[in-house]
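# Coordinate analysis (summary)
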Amino acid sequence: MRKTDRFPVEGANSLWQLYRTVSFFKVVKNFIVIQIARYTPFLSIKNWLYRHLLKMTVGDKTAFALMVMVDLMFPERISVGDNSVIGYNTTLLTHEYLIDEYRLGHLDIGNEVMIGANSTVLPGVTIGDRAVVAAGTIVNKDVEPGSFVAGNPMRVIYSAEEMKSRKRKDLN
């Protein structure tokens, strides 16, 4: 189960009430920074932008591919460990604006995690160390460390133990 905080709204849907939850100027600044980061091919510059201008936690040697879309409203709720790879055109979300409520959650991605291209990671999810997320996966719940997940809805393809066993076979 995802870990999100729920905030009910009355009247128009929650997206119409966006600027009651986050500053317009923060959204504009974040939009500009994110667009620059999405297109820059320089990983060190991209990580600097995320750490210093968006207040994300980004580990050493983490690589965000081109076109990664981090959460526009609350990027500071994203934490990515060391030496992880976030694939091309992946979306990392920390908010959901719904009809009667909006939800906020942290997104915690561990060390040496591989997230394939065109994946979407929903708010309130933890992806454990050395996990692998296949391309095109909708990550709608926590991913155990060392496991391999894929699909929509996401399912476990190989547990951490099965992944270790497969690697041992490959080495022989």
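So, here's what we can say about the structure. Keep in mind it's a predicted model, so treat the numbers as computed, not measured.

## Considerations on the overall build of the chain
Assigned secondary structure in the chain consists of four helices and 17 strands. Against the compact-globule benchmark of 16 Å for 172 residues, the chain has a radius of gyration of 17 Å, which places it among compact chains. Structurally, the chain occupies a C-alpha span of about 60 × 35 × 20 Å along its principal axes. Across the 172 residues of the chain, 44% fall into the buried class. Counting only carbon and sulfur atoms, one obtains 58% of the accessible surface of the chain, whose full area is about 9,400 Å².

## Side note on the environment of E144
Within the secondary structure layout, E144 lies in the loop between β15 (138-139) and β16 (148-150). Not counting the four nearest positions on each side in its chain, E144 is found in contact with G128 and A131.

## A few points about the pattern of salt bridges
The full count for this structure, using the stated rule, is seven salt bridges. Here E76 makes a salt bridge to K26, at a shortest N to O gap of 2.9 Å. Taken together, the positions of E76 in the loop between β4 (69-70) and β5 (78-80) and K26 in helix α2 (residues 24-39) put the pair 50 residues apart, joining distant regions of the chain. Judged by relative accessible area, E76 falls into the partly exposed class, the value being 33%. Across the pair R103 and E96 runs a salt bridge whose closest N-O atoms are separated by 3.5 Å.

## Structural notes on the side chain of S14
For S14, the location among the structural elements is in the loop between β1 (4-8) and α1 (18-21). Side-chain polar atoms of S14 contact the backbone oxygen of E101, separated by 3.2 Å. Excluding residues that lie within four positions of it along the chain, S14 makes contacts with V9, Y97, L98, I99, E101 and Y102.

## A word on the sheet that holds β5
The four strands lie next to each other as β2-β5-β10-β13, forming an open sheet whose pairing is parallel. The sheet is open, and its two borders are formed by β2 (57-58) and β13 (126-127), each paired with just one other strand. With two bridges connecting them, strand β10 (residues 107-109) and β13 associate as parallel partners. Bridge pairing links I109 to I127 in β13.

What counts, and where the lines are drawn
- Residues numbered from 1 in each chain as written.
- Predicted model: local features only at pLDDT ≥ 70, side-chain atom pairs only at ≥ 80, totals over all residues.
- Heavy atoms only, no water.
- Helix = DSSP H or I, 4+ residues; strand = E, 2+ residues; numbered from the N terminus.
- Rg over C-alpha atoms; globule rule 2.2 N^0.38 Å.
- Buried < 20%, exposed > 50% of the residue type's maximum accessible area, 1.4 Å probe, protein only.
- Areas by Shrake-Rupley, 256 points an atom, 1.4 Å probe, with all protein chains shown as cover.
- Contact = heavy atoms within 4.5 Å.
- Salt bridge = Lys/Arg side-chain N within 4 Å of Asp/Glu carboxyl O.
- Polar contact = N/O pair within 3.5 Å; in protein donor to acceptor, adjacent residues only side chain to side chain.
- Pairing = 2+ DSSP bridges.

Everything listed here is a matter of geometry and, on its own, says nothing about what the molecule does.
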